[in-house]
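Coordinates in review
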Amino acid sequence: MRSRYTAYVKAQFQYLRKTLAPSEQDGFDEEAARRWSTESEWRGLAIVETEGGGAGDDEGTVSFVARYAQKGVEREHRELAVFRRDPKTRAWYFAEARAPKGVTVVREAAKVGRNDPCSCGSGKKFKKCHGA
C-alpha cells in the first residue's frame, strides 16, 4: 500500500498499472490518476488497520487514510484496499477498493430528552431552554 501511495506522490503511473491486478489493468484510467496525482499536494498516509497479507495468505486488506490538499482545501481519502496474491508468481496485486467500515459512535452520557429538565439548572424543560 505504501508503495502505491508513493507512486501517486511521485506520479509513477506505470508502477500503478503494473501493481494493479491483471484482470483490472485494462480498466485503469491513467488520465484520471494523473489528474489526481498532479493536482494534489500530498500530506501523508496513515495505515488504520491490516488483515491477512502474510506469508501463508492469498488475500489481505489495508484500511488507510491518505491526506492531501487540492486548491488549498485539505482532504482525506479513506479506503479499504484489497490485495490478492497471484497463485503462479506469488506476487501481490491491488485488486479492489472498498468503502471502509463505518465507526459506531457510543455516547458516554445519557441522551437528554426534550422533556427532561435542562442540565443548566434553570428549572425549564430542555426543549424550552438549551434545546431550542
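Notes on the structure in this doc start here. (Residues numbered from 1 in each chain as written. Predicted model: local features only at pLDDT ≥ 70, side-chain atom pairs only at ≥ 80, totals over all residues. Heavy atoms only, no water.)

1. What to know about the pairing of strand 1 (residues 41-52)
In terms of strand pairing, strand 1 meets strand 2 (residues 59-70) through 10 bridges, oriented antiparallel. Pairing of glutamate 49 across the sheet is with serine 63, part of strand 2. Counting the residues that bridge the hairpin from strand 1 to strand 2 gives six residues, and of these glycine 53 lies at a positive phi of roughly 85 degrees. (Pairing = 2+ DSSP bridges. Helix = DSSP H or I, 4+ residues; strand = E, 2+ residues; numbered from the N terminus.)

2. A look at the sheet that holds strand 4 (residues 92-98)
Taken together, the four strands give an open sheet; going across it, the order is 1-2-3-4, and neighbouring strands pair in antiparallel fashion. Whereas interior strands pair on both sides, the edge strands pair on one side only; in this sheet they are strand 1 and strand 4. On average, each strand axis in the sheet is tilted by 30 degrees relative to the strand beside it, whichever way the strands run. Across the face of the sheet, helix 1 (residues 2-9) comes into contact with strand 1, strand 2, strand 3 (73-85) and strand 4 while running at roughly 165 degrees to strand 1. (Axes fitted to C-alpha atoms, helices over the stretch in contact; angles between N-to-C directions. Contact = heavy atoms within 4.5 Å.)

3. Remarks on the side chain of arginine 85
Within the element layout of this structure, arginine 85 appears in strand 3. One buried charge, arginine 85, has no salt-bridge partner; the nearest side chain with opposite charge is aspartate 58, at 4.1 Å. Within the structure, arginine 85 has its side chain in polar contact with the backbone oxygen of glycine 54 (distance 2.8 Å). Side-chain polar atoms of arginine 85 contact the backbone oxygen of arginine 90, separated by 3.4 Å. Non-local contacts of arginine 85, meaning those with residues more than four positions away in its chain, are made with Gly54, Ala55, Asp57, Asp58, Arg90, Ala91 and Trp92. (Buried < 20%, exposed > 50% of the residue type's maximum accessible area, 1.4 Å probe, protein only. Lys, Arg positive; Asp, Glu negative; His and termini not counted. Salt bridge = Lys/Arg side-chain N within 4 Å of Asp/Glu carboxyl O. Polar contact = N/O pair within 3.5 Å; in protein donor to acceptor, adjacent residues only side chain to side chain.)

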